Amino acid sequence: MKLYNSLTRKIEDFSPLNTEMVTMYACGPTVYDHAHIGNFRTYTLSDLIYRTLLFNDHRVKFIMNLTDVGHLTGDNLGDADTGEDRMEKSSAKEGKSAIEIANYYIKRFMQDYEKMNFLKPEKFTRATEYIEEQIKLVKILEEKGFTYTTTDGVYFDTSKFESYGQLSGYTVENVMEGARVEANPEKKNPTDFALWKFSPIGVKRSQEWPSPWGTGFPGWHLECSAMSLTELGNTIDIHVGGEDLRMVHHQNEIAQSECATGKKFVRYWVHGAHMMVDGGRMGKSLGNAYTLTDIEKKGFDPMALRYFFMTSHYRSKLNFTWEGLQSAQNALKKLYELARSYSRDPSAKVSKDFIKKFGEKINDDLNMPEALAVVWEMIKAEVGEPEKLATLLKMDTVLGLRMEENLALETPQKVIDMAKTRAEYRRAGIWDKADQARKQLMDMGYEIEDLPDGKFKLKRKI
Ligand code: AMP
Ligand code: ZN
């Protein structure tokens, strides 16, 4: 498998440190609000890497975190240590405790995660469940002389870490200080960042913990280092996140982790380009984001979104449009229909040639648009239908488009009953009731086509 490594800025051959088990970490959501479909582009990336590794017969230990404290609003302005804690802000806005907010949005996230057909990681780690590990990490850094304390927290001194800036080129020297945020006068270097922040004097935060330096909460960057080191060890194979995390968050994760352990933190950094709307980034704090529920309400299947993501390469920005999503849904619907129409033979073998071709594309830095082209090429090729189906199902272990579920779909009895009731209303000329029944069928995911003599045909919407 070849992967573009953001650290070396090169496409490299991937080989795990330990051939027995690939270790992988993805920066998960900050759970103060619904995840939006832009976030799901990045999680589709981690899912595709995970699935491709499995396709290549690797065993994988995958961890995704849930940030439920310490992610401040200032990071949109280029400084993660300023502004309000997103959890606390949401807690004040919704009149609930930060834990209630976190629990609610985690539950919603898990529902969406399932809808997107993402393979579950070994663990979803919650930052607030790793406070002890985070404090321990700050202690180690303090003992090794990498920290200093200001009036608002314990900071990491980036000038003491020689290779600071390697990941993004954002270094102690070239940082455009004060370009977008007011510089913190107590910081020794503009790139320094908070490991532990103190609760403001006279303020009782919804979430705070005692520490050797004072009551407060962990810095957002520290959380990911502590969870990754605890769950996956000092050096991991792959770390995934959106491109916005590369400049500061991931660079700071490297600094803390490598200074604490003396070992390389991550071997392959993989960053996904953003999903855009009207030329700008889609972001929940920017107020231009759609949720999965928004697109479902408009009649789109989450699998159509997954297909839409795969029509572009993960390192290219992708502009969200309803037309684009519609074309993806049309293509997927066609694929489902074809798959359902194929004659079946459980003993059919996959087409080795097409699986090889498909494998080459996914292993070429996840070239999903070309992998999808191989799918369509196979559909059109002179291959027997049962073999086509077997090949499609094998490909779907990576595509994750729920091909097997789509095949297994029998029309449920209650849908048939509803359609029969509608036919009776039509026969009796009770049009409003017949209309109502049609709407109910639509809600159940079925379209009805009327045929002569009061007959009808039911079709799944996708
Ligand atoms: P957040 O919940 O803001 O911490 O973001 C969770 C993940 O989604 C991170 O990996 C971000 O880099 C990623 N992300 C945020 N906005 C977008 C976007 N518009 N397109 C793709 N990924 C995004
Ligand atoms: Zn992270």
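Residues numbered from 1 in each chain as written. Chains lettered and ligands numbered in written order. Predicted model: local features only at pLDDT ≥ 70, side-chain atom pairs only at ≥ 80, totals over all residues. Heavy atoms only, no water.

**Quick look at the nonpolar core**
Stage number 1. Counting residues in hydrophobic clusters, the biggest one holds 84 residues, and the most contacted among them are I49, I238 and F358.
Stage number 2. Examining the composition of this core, we find that nine residues originate from one element, helix α1 (residues 37–55), more than from any other.
Stage number 3. For this core, the domains that each give at least three residues are domain 1 (2–272) and domain 2 (293–407).
Stage number 4. The residues touching I238, leaving out its near neighbours within four places in the chain, are L3, F14, V22, T23, M24, Y25, I49, L53, V266, Y268 and V270.
Stage number 5. Among the nonpolar cores identified, the runner-up in size contains 42 residues, and I63, I131, L167 and F265 belong to it. (Core = buried A, V, L, I, M, F, W, Y, C linked by side-chain atoms within 4.5 Å. Buried < 20%, exposed > 50% of the residue type's maximum accessible area, 1.4 Å probe, protein only. Helix = DSSP H or I, 4+ residues; strand = E, 2+ residues; numbered from the N terminus. Domains from an automatic or database assignment. Contact = heavy atoms within 4.5 Å.)

**Thoughts on the environment of S159**
Stage number 1. Looking at where S159 falls in the secondary structure, it is placed in the loop between β7 (153–156) and β8 (193–198).
Stage number 2. Note on S159: relative accessible area 44%, which makes it partly exposed.
Stage number 3. Residues S159 and D192, spaced 33 residues apart in sequence, show a C-alpha to C-alpha distance of 8.1 Å.
Stage number 4. Of note is the side chain of S159, whose polar atom sits 2.6 Å from the side chain of D157. (Polar contact = N/O pair within 3.5 Å; in protein donor to acceptor, adjacent residues only side chain to side chain.)

**Topic: the pairing of strand β15 (residues 446–450)**
Stage number 1. Here β15 pairs with strand β16 (residues 456–460) via five bridges, running antiparallel. What sits directly across from Y446, in β16, is R460.
Stage number 2. Between β15 and β16, which follow one another and run antiparallel, lie five residues, and D453 among them has a positive phi close to 65 degrees. (Pairing = 2+ DSSP bridges.)

**Structural notes on the coordination of the zinc ion (ligand 2)**
Octahedral metals with six donors have ideal donor angles of 90 or 180 degrees. Tetrahedral metals with four donors have an ideal donor angle of 109.5 degrees.
Stage number 1. Each protein donor to the zinc ion (ligand 2) is listed here as C27 (SG), C224 (SG) and H249 (NE2); together their distances run 2.1 to 2.2 Å.
Stage number 2. Between the donor residues of the zinc ion (ligand 2), the gaps in sequence give the motif C-x196-C-x24-H. With C224 in helix α5 (residues 220–232) and H249 in helix α6 (residues 246–261), this residue pair connects regions lying 25 residues apart in the sequence. With respect to class, C224 is no different from H249; both count as buried. (Donors = N, O, S within 2.8 Å, 3.2 Å for Na, K, Ca; no water.)

**Some remarks on the domain arrangement of the protein**
Stage number 1. Examined at the domain level, the protein breaks down into domain 1 (2–272), domain 2 (293–407) and domain 3 (413–460).
Stage number 2. Once you take the C-alpha centre of each, domain 1 and domain 3 turn out to be 52 Å apart.

**Examining the pairing of strand β3 (residues 22–26)**
Stage number 1. Here β3 lies mainly inside the structure; five of its five residues are buried.
Stage number 2. Residues V22, M24 and A26 point to one face of β3 and T23 and Y25 to the other, with burial holding for every one of them.
Stage number 3. The pairing of β3 with strand β4 (residues 60–66) spans five bridges and is parallel. Bridge pairing links V22 to V60 in β4.
Stage number 4. Crossover β3 to β4 through α1 is right-handed.
Stage number 5. Across three bridges, β3 lies against strand β10 (residues 236–242) in parallel orientation. Bridge pairing links M24 to I238 in β10. (Right-handed = clockwise from strand over helix to strand, strands pointing away.)

**What about the site of ligand 1?**
Stage number 1. Neighbouring residues of ligand 1: 19 residues in total, closest T42, D244, M275, R281 and M282.
Stage number 2. Note that an oxygen atom of ligand 1 is positioned 2.4 Å from one of the side-chain N or O atoms of D244.
Stage number 3. Measuring from a nitrogen atom of ligand 1, one finds a backbone N or O atom of M275 at 2.8 Å.
Stage number 4. Relative to its free-state accessible area of 490 Å², ligand 1 is covered by the protein chains to the extent of 96%.
Stage number 5. Those elements that place two or more of their residues in the shell around ligand 1 are α1 and β10.
Stage number 6. When residues in the shell around ligand 1 are grouped by element, the largest group, four residues, is from α1.
Stage number 7. Taken together, the residues of the shell around ligand 1 sort by class into six nonpolar, ten polar and three charged. (Near = heavy atom within 4 Å. Areas by Shrake-Rupley, 256 points an atom, 1.4 Å probe, with all protein chains shown as cover. Nonpolar A, V, L, I, M, F, W, Y, C, P; charged D, E, K, R; others polar.)

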